[in-house]
Amino acid sequence: MSNNRKVAILWDYTLPCIRNLQGHAIVNGIRRIAPVFVDVTSFKAYLDISSQSPMSVGFHSDLQSSGRKDVVDMMILVDILVFANDHPSPAPVTLIAGDRDYVYAVLTLRLRQKNVVLIIPPAPNIPQSLESQASVMVDSEF
């Protein structure tokens, strides 16, 4: 399959606006958007589990959290760059986030002719600088 049909979906699950939502509602919202993505090669959700007890987390984590605040952002940034490097344009990176920490990465990818789709859950303080850098912005209500 050609690269323009492959996509990575990277989800910052630490967004405060989605913490109180049910997981199935969020996945159904993503599923409604997903038909535009033909070949999802990677779908990852990132959550800092250092503050969670092992019994409250119902999944297996391959990575240990360092306990640092920025661990989720760093993991997402690395995966964005790896996907962009491994898949030539126009294969899009799709980011579900609302954190200004991603602005520089999104801008840098766009300057290198990469497509970045930003899915933003409804939240009052999404930085305009993040929205303005994306190739496509999807305002989503999960």
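The coordinates are above.
Note that the coordinates shown come from a computational prediction; the quantities given were computed from them, not determined experimentally.

When helices and strands are tallied, the chain shows four helices and five strands. With 142 residues in all, the chain has 37% of them scored as buried. Put simply, 67% of the contacts in the chain that link residues at least 6 apart link residues at least 24 apart.

What follows covers the packing of aromatic side chains. Throughout the structure, instances matching the rule amount to one aromatic pair. Judged by centre distance (6.3 Å) and plane angle (50°), the ring pair of Trp11 and Phe43 falls under tilted. Of this pair, Trp11 sits in strand 1 (residues 6–12) while Phe43 sits in strand 2 (residues 39–46); the two residues are 32 residues apart in sequence, bridging distant segments of the chain.

When the charged atoms of two side chains with opposite charge come close together, those side chains can pair. Tallying each qualifying case throughout the model produces one salt bridge. A salt bridge links Lys44 to Asp79; the shortest N-O distance between them is 3.4 Å. Taken as a pair, Lys44 in strand 2 and Asp79 in helix 2 (residues 71–86) lie far apart in primary sequence, 35 residues in all.

The residue Gln113 is not glycine, and still its phi comes out positive at about 65°. Within the fold, Gln113 resides in the loop between helix 3 (103–111) and strand 4 (116–120). For Gln113, a relative accessible area of 60% corresponds to the exposed category.

It is worth spelling out helix 3 at this point. Three or more residues of helix 3 are buried, namely Val103, Ala105, Val106, Thr108 and Leu109. Tucked inside the fold, the buried residues of helix 3 contact helix 2, strand 3 (93–96), strand 4 and helix 4 (128–133). Positive phi shows up at Gln113, right after helix 3, with a value of about 65°.

Before going further, it helps to spend a moment on the nonpolar core. Ranked by internal contacts, the top residues of the largest apolar core, which has 23 residues, are Leu10, Ile76, Ile80, Leu95 and Tyr102. Elements that contribute at least two residues to this core include exactly strand 1, helix 2, strand 3, helix 3 and strand 4. Sorting elements by how many residues they give to this core places helix 2 first, with six residues. Dropping the residues within four chain positions of it, Leu10 is found in contact with Lys44, Tyr46, Ile76, Asp79, Ile80, Val93, Thr94, Leu95 and Ile96. The next biggest cluster of nonpolar side chains, apart from the first, holds six residues, and it includes Trp11, Ile30, Ile96 and Ile119.

Moving on, we come to the pairing of strand 4. Counting buried residues along strand 4, five of its five residues qualify, which places the element largely inside the surrounding structure. The alternating pattern of strand 4 places Val116, Leu118 and Ile120 on one face and Val117 and Ile119 on the opposite face, and all of these are buried. Pairing of strand 3 with strand 4, which is carried by four bridges, proceeds in the parallel orientation. Looking at strand 4, one finds that Thr94 is bridged to Val117. Tracing the backbone out of strand 3, into helix 3 and back to the parallel element strand 4 gives a crossover that is right-handed.

What follows covers the environment of Trp11. We classify Trp11 as buried; its relative accessible area is 5%. Taking the C-alpha atoms as reference points, Trp11 and Val72, 61 residues apart in sequence, are found 9.9 Å from one another.

Conventions we followed
Residues numbered from 1 in each chain as written. Predicted model: local features only at pLDDT ≥ 70, side-chain atom pairs only at ≥ 80, totals over all residues. Heavy atoms only, no water. Helix = DSSP H or I, 4+ residues; strand = E, 2+ residues; numbered from the N terminus. Buried < 20%, exposed > 50% of the residue type's maximum accessible area, 1.4 Å probe, protein only. Contact = heavy atoms within 4.5 Å. Phe/Tyr/Trp six-rings, centres within 6.5 Å; stacked < 30°, edge-to-face > 60°. Salt bridge = Lys/Arg side-chain N within 4 Å of Asp/Glu carboxyl O. Core = buried A, V, L, I, M, F, W, Y, C linked by side-chain atoms within 4.5 Å. Pairing = 2+ DSSP bridges. Right-handed = clockwise from strand over helix to strand, strands pointing away.

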